[in-house]
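# Structure at a glance
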Amino acid sequence: YSLAGIHPTDDMDAATHLVAAAACRSCKFLSGVNSGLELVSEKWLERSKKAGTLLDPTEYPLVDEVPGRLGLPRGYSMQDALRKARASPLFEGLEVFFSRSCARDLAKVVTAGGGKAFRELPSAKELKQRSPSDFIVCAMPEDMRTKPVKALLSTGVPVYSKDLVVLGSLLQSLDDRKKFVQDK
């Protein structure tokens, strides 16, 4: 962009704003929410360029409050989610373990939200010695029949779908974990 002060980047750690047409389930967008970035509509860029200066981004918030869109509940507010993210990182103090076929970028979403992400599943014995409130295990449906996931399930360790991370990030809440449990 040819406007002083705007430096496009794909590095979410260096970003201060995220410009989008609408909320989505991309890892970049979810990382932006978890980081508490200023989420602005494309109009902010367009009008700033026209004005020749950066306008106040709070005047151009990304508003995506369509009930049911992306699986979000009625009454969802993007701005409320961002306030929560800025006040308390969603994954702070949590370790999230992903099965190998889970999207690699989901680890970035977790770390953007203050958590630690691992691309390999721990042993069932290791997790049984820990409090379930300290970790989350996510697996893809096709991984549910693999030996590591079966071992976790056989010892009662809950295994969640990746949607726990995705929708949890959009809502800034992990309170409703039960609806994301996979059992077979």
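Above this note sits the structure.
The structure reproduced in this document is the subject of the present report. Keep in mind that this is a model prediction, so the values were computed, not measured.

## Considering the pairing of strand 2 (residues 38-41)
As judged from the four bridges shared by strand 1 (residues 17-20) and strand 2, these two strands associate in the parallel manner. Considered in strand 2, the bridge of His-17 is made with Glu-38.

## Things to note about the packing of aromatic side chains
Inspection of every chain in the model, using the stated rule, returns one aromatic pair. Taken together, a centroid distance of 5.0 Å and an interplanar angle of 20° make the contact between Phe-97 and Phe-118 stacked. Of the two residues, Phe-97 sits in strand 3 (residues 95-98) while Phe-118 sits in strand 4 (residues 116-118), which places them 21 residues apart along the sequence.

## What about helix 3 (residues 78-87)?
For helix 3, the set of buried residues is Met-78, Gln-79, Ala-81, Leu-82 and Ala-85. The arc that holds the buried residues of helix 3, viewed along the axis, is 155°, so those residues lie on one side. On its buried face, helix 3 sits against helix 1 (27-35), strand 2 and helix 7 (163-171).

## Some remarks on the pattern of salt bridges
The full count for this structure, using the stated rule, is seven salt bridges. For Glu-95, the salt bridge identified is with Arg-130, shortest N-O distance 2.6 Å. Residue Glu-95 is located in strand 3, and its partner Arg-130 is located in the loop between helix 5 (124-128) and strand 5 (135-138); the two are separated by 35 residues in the primary sequence. We note a salt bridge from Lys-108 to Asp-105, for which the minimum N-O separation is 3.6 Å.

## Side note on the side chain of Ser-169
Within the element layout of this structure, Ser-169 appears in helix 7. According to the relative accessible area criterion, Ser-169 is buried, its value standing at 0%. Of the polar contacts made by the side chain of Ser-169, one reaches the backbone oxygen of Val-165; its length is 2.7 Å. With sequence-adjacent residues up to four places away left out, Ser-169 is seen in contact with Leu-30, Val-33, Asn-34, Leu-90, Phe-91, Val-109 and Leu-164.

Scoring rules and cut-offs
- Residues numbered from 1 in each chain as written.
- Predicted model: local features only at pLDDT ≥ 70, side-chain atom pairs only at ≥ 80, totals over all residues.
- Heavy atoms only, no water.
- Pairing = 2+ DSSP bridges.
- Helix = DSSP H or I, 4+ residues; strand = E, 2+ residues; numbered from the N terminus.
- Phe/Tyr/Trp six-rings, centres within 6.5 Å; stacked < 30°, edge-to-face > 60°.
- Buried < 20%, exposed > 50% of the residue type's maximum accessible area, 1.4 Å probe, protein only.
- Arc of directions from axis to C-beta.
- Contact = heavy atoms within 4.5 Å.
- Salt bridge = Lys/Arg side-chain N within 4 Å of Asp/Glu carboxyl O.
- Polar contact = N/O pair within 3.5 Å; in protein donor to acceptor, adjacent residues only side chain to side chain.

What is shown is where atoms sit, not what they do.
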